[in-house]
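# What the coordinates show
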Amino acid sequence: MLVSSVQTSDPTRHVSLCNGSAQMRAIGRIIENIADTDATVLIRGESGVGKDLVARAIHARSSRRHGPFVKINCAAIPSGLLESEFFGHEKGAFTGAHRRKPGQFEYADKGTIYLDEIGELPLALQAKLLHVLQDFRFARVGGCGWIDVDSRVIAATNRDLEEAMARGEFRADLYYRVNVVEIRVPPLRERREEIPVLASWFLDKFNAQYGRQKQLSPETMTRLQQHSWSGNVRELENVVRRLVVLTDVEREIEVLVARGRNGHGPVPQPASESLREIARRGAREAERRTLKDVLDRVHWNRAEASRILKVSSGAAASPAIGGPTPRGELRPDDGPAAPPEPAEQPPAYHEIRAVEHRLS
Ligand SMILES: Nc1ncnc2c1ncn2[C@@H]1O[C@H](COP(=O)(O)OP(=O)(O)OP(=O)(O)O)[C@@H](O)[C@H]1O
Ligand SMILES: [Mg+2]
């Protein structure tokens, strides 16, 4: 089975980890082996590779699955509030502490606590965390009694902790305490065989979410496989989401291909391009999109599209929606004739026909 779905304590939540590559299958085996051991786990990997998913899968497969899974993002909480967030505080412990508040460690009792971005933890709190991980007991801020906690600890980071240790920014004793089992989740570019499986997986997910029945054509799938993805799985996820939600699939693929060429965004136009050319290109693009939208709306009824777009009746069998006008462009009924552009390709005609052909 390519996608393993595991139910957590909340019956409506499933942890689905797509394991369509050798690397993810190996991670799946590690999860199976360690889930029930209570060993502390350090999950490493670049941003968006699936670290959260792996942490949730460990919890969901462990005997603690009916207990809470508590996630703390160490980078998202101001350092002054972290201690109270971790361990809670007593009423009056500091200005603004109007009542007693339990910390996340207390909430994680009998469950799993997931310390995301542990590499961002300030040194002072690293020392306190180390003590908690040694004894599994702590005191609330401003409190004097000890609270025992029974919790499994999973940490994650996209930082080079060894380098942070060398620079004195991460405590070595905490590093060894946390790094009992290490799981490195590879970036998407190192698990390319997983792309079709992930794409189909996201397709099913978004079809269900948005009530669509979109399919990915073999050409689209090939494009997705050939694209030079970064490491972040969210990039692929978002492309599939857009393919499901938007009607202009071809346009999305074009944008994707253009991104692939320079790694960032659409291919920049040469600096020599004149303003006039830029304006014409923009107008052609707007025309093409409008035509496509209207044709979609009227189920490719060209006569109806001509009426809505107020193009001459001849244009119904013409360029934009069916056959060539003298310039091959969509012509407004009462607009002034545009000056001839001999070097220009008939814009809308070919594109609309091509779209029409592909969609038919
Ligand atoms: N193997 C996979 N199967 C299904 N979905 C995946 C998989 N890997 C990643 N994803 C999806 O990619 C997105 C990013 O995953 P996740 O949040 O677990 O990554 P992360 O490494 O924790 O990211 P960050 O570094 O930003 O915290 C999520 O929407 C997740 O569902
Ligand atoms: Mg994460």
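Quick notes on the rules
Residues numbered from 1 in each chain as written. Chains lettered and ligands numbered in written order. Predicted model: local features only at pLDDT ≥ 70, side-chain atom pairs only at ≥ 80, totals over all residues. Helix = DSSP H or I, 4+ residues; strand = E, 2+ residues; numbered from the N terminus. Buried ≥ 20, exposed ≤ 12 C-beta atoms within 10 Å, placed from the backbone. Contact = placed C-beta atoms within 7 Å. pLDDT = per-residue confidence, 0-100. Pairing = 2+ DSSP bridges. Near = placed C-beta within 6 Å. Domains from an automatic or database assignment.

## Side note on the overall build of the chain
Within the chain, the regular secondary structure consists of 15 helices and 11 strands. The 360 residues of the chain split such that 30% are buried. Long-range pairs, those at least 24 residues apart, make up 65% of the contacts in the chain with a sequence separation of at least 6.

## Focus: the confidence of the model for the chain
Per-residue pLDDT for the chain has a mean of 78; in total, 72% of the residues score no lower than 70. For the chain, per-element mean pLDDT is lowest for strand β1 (residues 3-7), which scores 39, and highest for strand β3 (residues 41-44), which scores 98. The low-confidence segment residues 313-360 (pLDDT under 50) makes 72 contacts with residues lying over four places distant or belonging to another chain.

## Let's talk about the pairing of strand β7 (residues 111-116)
Judged by how many residues are buried, β7 sits mostly within the fold: six of six residues are covered. Judged from the five bridges that link them, strand β4 (residues 69-73) and β7 form a sheet pairing that is parallel. Looking across to β7, one finds that V70 is bridged to I113.

## Quick look at unusual backbone geometry
If you check the backbone angles, E117 has positive phi at about 55 degrees while not being a glycine. If you trace the backbone, E117 turns up in the loop between β7 and α5 (123-135). Judged by the 18 C-beta atoms lying within 10 Å of it, E117 is partly exposed. We note that F136 has phi near 50 degrees; this positive angle belongs to a residue other than glycine. Its place among the elements puts F136 in the loop between α5 and β8 (137-138). Accessibility expressed as a C-beta count within 10 Å gives 15 for F136, which makes it partly exposed.

## Thoughts on the site of ligand 1
In the vicinity of ligand 1 there are 16 residues, among which C18, G50, K51, D52 and V233 approach most closely. When contributions to the shell around ligand 1 are tallied by element, the ones reaching two or more residues are β2 (14-18), α2 (51-61) and α10 (233-245). In this structure, the shell around ligand 1 is formed jointly by two domains, domain 1 (4-186) and domain 2 (191-264), each of which donates at least three residues.

## Overview of the pairing of β3
Where β3 and strand β10 (residues 151-157) come together, four bridges link them in parallel fashion. Across the sheet, I43 pairs through a bridge with A156, a residue of β10. Sheet topology note: the β3/strand β11 (residues 181-184) ladder contains four bridges and is parallel. When the sheet's bridge partners are listed, L42 is paired in β11 with E182.

## A word on the environment of L243
Tracing the sequence through the fold places L243 in helix α10. Judged by the 24 C-beta atoms lying within 10 Å of it, L243 falls in the buried class. In this structure, the C-alpha to C-alpha distance between L243 and Q215, residues 28 residues apart in sequence, is 9.2 Å. Leave out the neighbours within four places in its chain, and L243 touches K214, L216, V249 and E252.

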